[in-house]
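Per-entry structural report
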Amino acid sequence: MRLVVKFNLVFLLVFLIGLATAGYVSEQLLQRNARDEIVLNARLVMESALATRAYTSTQVGPLLQTQMKYAFLPQSVPAYAATEVFAGLRKTFPEYAYKEAVLNPTNPRNRANDWEADIVNQFRNGLDKPEVVGERDTPGGKSFYIARPMQIKAEACLYCHSTVDAAPKTLVDKYGPANGFGWKLNEVVGAQIVSVPTDVPIARANAAFKTFMISLTVVFAFIFVALNLMLWFMVIRPVTRLSKFADAVSQGENMDTSDFPVTSRDEIGVLTQSFNRMKKSLVQAMKMLEG
Amino acid sequence: MRIVQLRRWALAMMACPLAAAAADQTVTVTLLEGPTTLVRGVTRYALAEGVRLQPGDILEVSDKGLAEMEFTDGVAVAMGPKTRALALSVPHGKPAPGDFYVTQGALKLANAKQGARVRVVTPFFILQAVDGTFVLVLSGSEGSVFMESGEARLASRHAKGTSPTRLKSGDFFTGDDNKGNVTARPTPAFVAVLPKVFLDPLPSRIARYKDRQAQPRRVDLVTYAEVETWLKAPPEIRRPMPARFHSRAADPAFRAALVENLKFHPEWDPILFPEKYQPKDSEAGSGTAAPPRPADKR
């Protein structure tokens, strides 16, 4: 088997092992990074929603109190403001879903469904965690979610959610007297939940993985070609030429010709010099025998 | 005796701050948007911020204008576009109730406190603020009142002796008398015609004009058309008009209009045709005077 074939076989074996190892490690890393990125973005969404709610309840709501006596203004409702802001964010991040799931909401649209109610009750029952992260099965596949408790911390929140008599009449007109009342200070009334289909981080990780592996393969291919060329020009070709010359000398040819040219100072050059000395010794020996 | 004198002196000293405060009671125009016409006496003026209202002032807000005036005790009255009002009585250097006769437009009265003496008289009813804030809109055939906060009493202009209707916070009244329809919410149609500024608390700018008074810019003497509404107002409203606009009867155009519309304000007859009311020579000689032949009275 020729040297270049042996070399390439070894090289391919090493390449495949390296590629498999790099692929496995990078896939795990990329999946984790994609998940972390999703979690970070989800937290940003939640924090922006919280900030919007606080701004609305402390600054916007009081300014609209008089107007609310004339007509209901949803812009004074923190949940509405947060939802509207998120709708704008969703244009950039369409894969995210945000809901303020509440056990006893004013707007029935915000009522917590079964799994959301379970999460809310976890927080209400004293779960000592700032957030809950998990996955659940949905008809469309696995879904990744982050949930944080919504706790009433400002008196301003109770303006619309304490008693029917205290709430703006226009709000009661719109939503009725049965929903969204009886909230208390420091009570956990619901949860902010951001959901993302699990496919999303997996797809991101896979896309990055594919790009990485293709890049790695291209680099390996380039190295393969470069090494082969180097091997050919620096080892195979000079050795082949030396081998042909040695072969001719062994058959009695080229005995009177000049030495094989030494073109490098590396191991091939040393081998050439050794061969030339050996040829000289052989010529002298043959002359002594003839003489 | 000396004790009595001392007591009287002490009471007088106690009354001085009150007297001084009462003397400062005024109504000042503190916010204007767009032109508002002021008719004072027989002259038309362009109203300006800082002008202090006087009894008898007539205000007419332009189509897209807004005028707000504030009493020294904190009561604020804002008039929306196309509102026309006559200040029947306003405090002007001495205590007086604030009485406005409003014929059309939208008006918001805010910050009335217990004991506030501010009334709004309309062609349909008389609205007396007990405390709080109300908004009034007059259409051609009825008036609507929304109690933003507090309480008001709504009395009939036509049925004397009937008990007033009490309006409490949140009530919405519609009617052409004091016995109209009261509901718990203002209608969307009512809210739609309100100036946007009426939906918020009225701004207070009285501090700017506390020690500063402006004068309105004189425009011209009034024409009949410009004061026709007031000359044809209900009798108790237009009673002082002849004495007020008497001098304008010398203007030929004004006089001609007075004569043409005499049936709407017959009290002008003696001014326009004084000769009808002069005693005849024959009756003067016999010692009896023929009674004047009055025009038709409304």
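To continue, consider the domain arrangement of chain A. The domain architecture assigned to chain A consists of domain 1 (11–200) and domain 2 (208–290). When its residues are assigned to classes, the side of domain 1 of chain A that touches domain 2 of chain A shows five nonpolar, two polar and one charged.

What follows concerns the interface of chain A and chain B. On the side of chain B, nine residues touch chain A, which itself brings seven residues to the contact. Taken together, the elements giving at least two residues each to the side of chain A that touches chain B come down to α2 (65–68) and α5 (169–175) of chain A. Its residues assigned to classes, the side of chain A that touches chain B shows two nonpolar, two polar and three charged.

Here the focus is helix α4 (residues 114–124) of chain A. Residue and element names in this part refer to chain A. Inspection of α4 places Glu116, Ile119, Val120 and Phe123 among the buried residues, and these make up the whole buried set. One side of α4 carries all its buried residues, which in axial view fall inside an arc of 100°. In α4, the exposed residues that point more than 90 degrees away from the buried face are Asp114 and Asp118. Buried-residue contacts for α4 involve β1 (97–102), β2 (132–138), β3 (141–151) and β4 (188–197). Of the residues one or two after α4, Gly126 is the one with positive phi, at around 95°.

Let us look at the nonpolar core. All names here are of chain B. Among the nonpolar cores identified, the biggest contains 60 residues, and Leu109, Phe134 and Leu136 are the most heavily contacted of them. Each of domain 1 (2–209) and domain 2 (224–286) contributes no fewer than three residues to this core. For Leu136, the contacting residues outside a window of four places in its chain are Ala106, Leu107, Val120, Leu127, Gly143 and Val145.

Pairing between sheet strands relies on hydrogen bonds along the backbone, with the strands arranged either parallel or antiparallel. Residues and elements named next belong to chain A. Spatially, four strands are ordered β1-β4-β3-β2 in an open sheet, and the strand pairing comes out antiparallel. Where the open sheet ends on each side, the last strands, each with one partner, are β1 and β2. For this sheet, the mean inter-axis angle between neighbouring strands, taken without regard to orientation, is 30°. Sheet topology places β2 next to β3; seven bridges connect them, and they run antiparallel. Looking across to β3, one finds that Glu135 is bridged to Phe144.

All names here are of chain A. When the terminal C-alpha atoms of helix α1 (residues 3–63) are compared, their 86 Å separation across 61 residues agrees well with the 90 Å that a helix rising 1.5 Å per residue should span. The largest bend along α1 measures about 40° and falls at Thr56. Those residues of α1 not exposed but buried are Leu30, Ala34, Ile38, Ala42, Val45, Met46, Ala49, Thr52, Arg53, Thr56, Ser57 and Gly61. Contact partners of the buried residues in α1: α3 (78–89), β1, β3, β4 and α6 (199–250).

All names here are of chain B. Structurally, chain B comprises domain 1 (2–209) and domain 2 (224–286). Listed by partner, the interface residues are nine residues for domain 1 and ten residues for domain 2. Counting residues per element, the ones that place at least two in the side of domain 1 that touches domain 2 are β7 (84–89) and β8 (98–112). Grouping the amino acids of the side of domain 1 that touches domain 2 by side-chain chemistry returns five nonpolar, two polar and two charged.

Let's shift gears to the pairing of β7 of chain B. All names here are of chain B. Pairing analysis gives three bridges linking strand β4 (residues 58–61) to β7, with the strands arranged antiparallel. Counterpart to Ile58 in the pairing with β7 is Leu86. Summarising the sheet, β7 and β8 pair through five bridges and their orientation is antiparallel. The partner of Ala87 across the bridge, within β8, is Phe100.

Residues and elements named next belong to chain A. In contact at an axis separation of 8 Å, α1 and α3 are set at 140° when each is read in the N-to-C sense. When the interaxial angle is binned, α1 and α3 end up oblique. Here the hand of the crossing between α1 and α3 comes out right-handed. Across the interface between the two elements, Val45, Ser48, Ala49, Thr52, Arg53, Thr56 and Ser57 of α1 pack against Pro78, Ala81, Ala82, Val85, Phe86 and Leu89 of α3. When grouped by side-chain class, the residues that make up the contact of α1 with α3 number eight nonpolar, four polar and one charged.

Let us now look at the confidence of the model for chain B. A low pLDDT score tells you not to read the predicted coordinates there in detail. Residue and element names in this part refer to chain B. Averaged over every residue, the pLDDT of chain B is 86; the share at 70 or more is 86%. Counted against residues more than four places away or in other chains, residues 9–23, with its pLDDT under 50, gives four contacts. Note that residues 283–298 has pLDDT below 50 and, in this model, 21 contacts with residues that lie over four places away or in other chains.

So, about the packing of α6 of chain A against helix α7 (residues 267–290) of chain A. Residues and elements named next belong to chain A. Running from amino to carboxyl end, α6 crosses α7 at an angle of 5°, the nearest separation of the two axes being 11 Å. Relative to α7, the element α6 lies roughly parallel. In this structure, α6 contributes Val235, Pro238, Val239, Leu242, Ala246 and Val249 to the contact, and α7 contributes Ile268, Leu271, Thr272, Phe275 and Lys279. Across the contact of α6 with α7, the residue classes tally to nine nonpolar, one polar and one charged.

Rules used throughout
Residues numbered from 1 in each chain as written. Chains lettered and ligands numbered in written order. Predicted model: local features only at pLDDT ≥ 70, side-chain atom pairs only at ≥ 80, totals over all residues. Domains from an automatic or database assignment. Nonpolar A, V, L, I, M, F, W, Y, C, P; charged D, E, K, R; others polar. Contact = placed C-beta atoms within 7 Å. Helix = DSSP H or I, 4+ residues; strand = E, 2+ residues; numbered from the N terminus. Buried ≥ 20, exposed ≤ 12 C-beta atoms within 10 Å, placed from the backbone. Arc of directions from axis to C-beta. Core = buried A, V, L, I, M, F, W, Y, C linked by C-beta atoms within 7 Å. Pairing = 2+ DSSP bridges. Axes fitted to C-alpha atoms, helices over the stretch in contact; angles between N-to-C directions. Expected span 1.5 Å × (residues − 1). Bend = angle between axes of the 7 residues up to and from the residue. Parallel < 35°, antiparallel > 145°, perpendicular 65-115°, else oblique. Left-handed = near helix turned anticlockwise from the far one by under 90°. pLDDT = per-residue confidence, 0-100.

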